[in-house]
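In case you want the letters, here they are:
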Amino acid sequence: MITSARPQIAEESSESCWDQARLRLIVPIGLIVAVAVACLIVAVATSARRADEVSLKREQQLIWEAIAARGARVLREVESVAATNGATQAIRDHQDHQWTERQVGNWLEAFFDHDLVLVVDGSDRIEYARSRISGDLGTIEVPAGLVTVLDLLRGRLSALPGRVMPVVVHDSQSPGRSEALIEDFLDRPAIVAAVAVGSESDLASGKAAAPIVLSIKYIDREMLREIGERLQLPGLHEADEPAAAADEQLTVIADAKGGAIARLAWKPTRPGGQIAGSALPFIAIAIAGFALLVGLVMHHNRRTARAIAAGESQLRHLALHDPVCGLPNRIYFSERLETVIGEVRRGGPSAAVFYIDLDHFKDVNDTLGHHIGDELILNVTQRLSRVMRSEDLVARLGGDEFAIITNCASDSYSLQAIAGRIISAVCAPYAISGHNIIIGASIGIAVIDRRAGDAADILRYADMALYRAKNEGRNRACIYDAAMDADLSQRKLLEGDLLQAIRNNGLDAAYQPIVNASGDTMVGVEALARWTHPTAGVIPPATFIPIAEHSGLIVELGEWILRRACLDGRNWPGLTVAVNVSPLQFRRSDFVDMVERILKETDFDANLLELELTETTLLGNVETAELSMLRLKAIGVRFALDDFGTGYSSLLYLRRFPFDKLKIDSSFVLSIETAPDAAAIVHAVVSLGRGLGMRVTAEGVENAEQHLFLRAAGVHSMQGYRFGRPGPTADIDARLQSPNDYRVGSPDQEVKLAS
């Protein structure tokens, strides 16, 4: 009975937990929905208010622009009768009253509905006055409202008085022949236009005495009605009170000092109400949609809860395993490593971590594509799984890094034996999609014993051992020991000292001669960096160059040696100066600019500079590398493909890239006397270079037999200890001054080396 009741109790407990979870879910969802609806309403209200404000400002601007445009039109109408030759003759020269009545007063009144037209003489006395309501007014005094425009037109004002607004702003000290003002004229807002009568030459010589035609057009109900209809502003009229009615909006036409000239009222367009009205149905729909969504979510959550629980193990598997090869990932590996460390501390058998890094995997990805790289990872996974025991853990930590946890003896022989099996399995050739692929593997080993630290420490130890394995030539395994910490600390100190040496010019440059095929003429030099540490003494290039490459200092080191070589090379006219370029340096976007800048700063002939690149520099960088080389070739820089035959030796590089020279690696030169295949490779490289129009240089020539063979093979130039060791600039200077002391008379003679 108790046994059968357990499922029911568990189900009831599950239901209770579900109800509590649902309650915890409903409350925050309800709050979120309420906040969302409130935010939506506030947003709509804010948008409506903002729309009303924008519309009001636009309507105010339109009213002012319409009145200003009407003022400009009134001024043009007056100019059409006053700024003519006929007006000059009839008004200025002959005071023809009948012409003025007919062509000015009647014309402006009949055709343009001007309310008052006046003509004043040079003394500001009215000669003619006509009102649209009263007709000819005869001789009257100048109304007070016209004094301002007269003074302004005659240049007697330094500033505009209050309750006056110019239609067109002019300099009051240099007025034009016409002016138009919006002002309070006889307690009514009006447009006052004034135009001086006379030719341009007359006005230029004496405008102060010229007759002036004035016209007044009231801003009356009819004008405002016309403006309101055109602007679609219903009920535009002049307001008598400072405050507008409840359903109207008020705007003030004010002067520059803020004084009111006229108050206009109208019924504004209120788009905000329309926006709010159109949005309300959608808000209601949104609220209903939120409510429906909450219901659907609750229903869906209840249905999917069991599915989520059932798939939890699968999700955990996906979270803890690599998607490409299916091996455990870094998270799983770290959890298992902590478990193994705990077991060893409690007296379990010793274990070890093998940290594996695939050599040249990136080259495969760059040259053959990531799909081939993924297939290669799968093949490596299968081989590692076969070579290890079923109880061992094989994991992929990311990229081309794998790790293995295995229980084994902690002695060096056993660990190296396991590592040897791993390296043999991984390094065997792969056949993938028609490609024959060969990669290497470097392994760092960290032993887990009872004194082991946590997982992070074990991984750090394995990583340091892996670093040592790579520095010692790859395809090997190194076991962590305490000396590696000191070695790493020493490398960090050397890295800092190297940075200071580069920036403080603490390095030296050595130059190795490059001679012609006969060995009797020096045709160039190769620049090499040398470092004498203040306390540690001479640091070999094999030590500090890897440090520079690993830390990124190789970029600054390369720039330093290039500048130094160009400075020294100026003293050796006719000698080619060769400088090695690292892949990291060449792939920088500013590499070409840096070379051009140094050539300009040092004033070195670009035709004598030779940059040596290796094949790895070009891998995965074909388009950018080609553009960079072509830019430098355009200014005369030469390129040599260094260590040819040791890498991929792809003919694509020789066809596509503008190399001037091939350099045969010293490993082939050293083997030509003992290995027939090395001699055959040298012959093939020379033939290939000559066929492509490239010069061929052999490196590492040490004795007369090698010299004789290479000269017979057709090599153009050579370098090596037979012709001179790398030395300071003084050695090159001495060699140029006394070439006979260094001449190689025949291939079996020894060269005199500078001390």
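Residues numbered from 1 in each chain as written. Predicted model: local features only at pLDDT ≥ 70, side-chain atom pairs only at ≥ 80, totals over all residues. Heavy atoms only, no water.

A. The arrangement of the environment of glycine 700 in detail. Turning to its location among the elements, glycine 700 is positioned in the loop between strand E25 (695–698) and helix H24 (704–713). Here the alpha-carbon distance between glycine 700 and serine 518, two residues 182 residues apart in the chain, equals 16 Å. (Helix = DSSP H or I, 4+ residues; strand = E, 2+ residues; numbered from the N terminus.)

B. Region of interest: the sheet that holds strand E17 (residues 477–479). In spatial order, the strands read E12-E13-E11-E16-E17; together these five strands make up an open sheet with mixed pairing. A strand with exactly one partner marks an edge of an open sheet, and here the two such strands are strand E12 (393–398) and E17. On average, each strand axis in the sheet is inclined to that of its neighbour by 20°, with strand direction left out of account. Note: strand E11 (residues 351–359) against strand E13 (residues 401–407), seven bridges, orientation antiparallel. Across the sheet, residue valine 353 finds its bridge partner in E13, namely isoleucine 405. Relative to E13, helix H11 (residues 370–387) is tilted by about 10°, and along the sheet it contacts E11, E12 and E13. (Pairing = 2+ DSSP bridges. Axes fitted to C-alpha atoms, helices over the stretch in contact; angles between N-to-C directions. Contact = heavy atoms within 4.5 Å.)

C. Broad picture of the confidence of the model for the protein chain. In the predicted model, the protein chain carries a mean pLDDT of 84, and the fraction of residues at 70 or more is 91%. Within the protein chain, strand E21 (residues 576–580) carries the highest mean pLDDT (95), whereas helix H5 (residues 200–206) carries the lowest (70). Of the regions scoring below 50 in pLDDT, residues 1–15 engages in two contacts with residues more than four places distant in sequence or in other chains. (pLDDT = per-residue confidence, 0-100.)

D. Region of interest: the pattern of salt bridges. If you walk through the whole model with that rule in mind, you get 36 salt bridges. Residue glutamate 226 pairs with arginine 70 through a salt bridge whose shortest N-O separation is 3.0 Å. With glutamate 226 in helix H6 (residues 221–231) and arginine 70 in helix H1 (residues 2–82), this residue pair connects regions lying 156 residues apart in the sequence. Assessed through its relative accessible area of 34%, glutamate 226 is described here as partly exposed. Overall, the relative accessible area of 8% leaves arginine 70 in the buried class. (Salt bridge = Lys/Arg side-chain N within 4 Å of Asp/Glu carboxyl O. Buried < 20%, exposed > 50% of the residue type's maximum accessible area, 1.4 Å probe, protein only.)

E. Spatial organisation of the sheet that holds strand E8 (residues 237–238). With antiparallel pairing, three strands are arranged side by side in an open sheet as E8-E10-E9. Bordering the open sheet on either side are E8 and strand E9 (249–254), each of which pairs with just one other strand. Strand direction decides the pairing type here: E8 and strand E10 (residues 260–266), joined by two bridges, are antiparallel. Considered in E10, the bridge of glutamate 238 is made with leucine 264.

F. Looking closely at the nonpolar core. Counting 75 residues, the largest nonpolar core has Leu562, Val579, Phe591, Leu609, Leu611, Phe659 and Ile664 as the members making the most contacts within it. In terms of residues, this core owes the most to one element, helix H16 (residues 554–569), which gives eight residues. Of all hydrophobic cores here, the second largest spans 38 residues; its members include Val117, Ala193, Ile261 and Ala262. (Core = buried A, V, L, I, M, F, W, Y, C linked by side-chain atoms within 4.5 Å.)

G. Structural view of the environment of glutamate 612. Mapped onto the fold, glutamate 612 is located in strand E22 (residues 609–613). Spatially, the C-alpha atom of glutamate 612 lies 87 Å from that of methionine 223, the residues being 389 residues apart in sequence. Not counting the four nearest positions on each side in its chain, glutamate 612 is found in contact with Glu526, Ala578, Val579, Asn580, Val581, Ala640, Asp642 and Lys663. In terms of polar contacts, glutamate 612 uses its side chain to reach the side chain of lysine 663, at 2.6 Å. (Polar contact = N/O pair within 3.5 Å; in protein donor to acceptor, adjacent residues only side chain to side chain.)

H. Examining H6 more closely. Taken residue by residue, H6 has Met223, Leu224, Ile227, Gly228 and Leu231 as its buried positions. Buried residues in H6, looked at end-on, bunch into an arc of 130°, giving them a common side. The exposed residues of H6 that point more than 90 degrees off its buried face are Arg221, Glu229 and Arg230. Note on H6: the residue one or two positions beyond its end, glutamine 232, has a positive phi of about 60°. (Arc of directions from axis to C-beta.)

I. Structural detail: the packing of helix H8 (residues 312–320) against helix H9 (residues 330–345). Orientation of H8 relative to H9, taken along the N-to-C sense of each, is 95°, at an axis distance of 7 Å. Between H8 and H9, the angle is such that the two are roughly perpendicular. Between H8 and H9, the contacting residues are Arg316, Ala319 and Leu320 on the first element and Ile331, Tyr332 and Glu335 on the second. Considered class by class, the residues forming the contact of H8 with H9 number four nonpolar, no polar and two charged. (Parallel < 35°, antiparallel > 145°, perpendicular 65-115°, else oblique. Nonpolar A, V, L, I, M, F, W, Y, C, P; charged D, E, K, R; others polar.)

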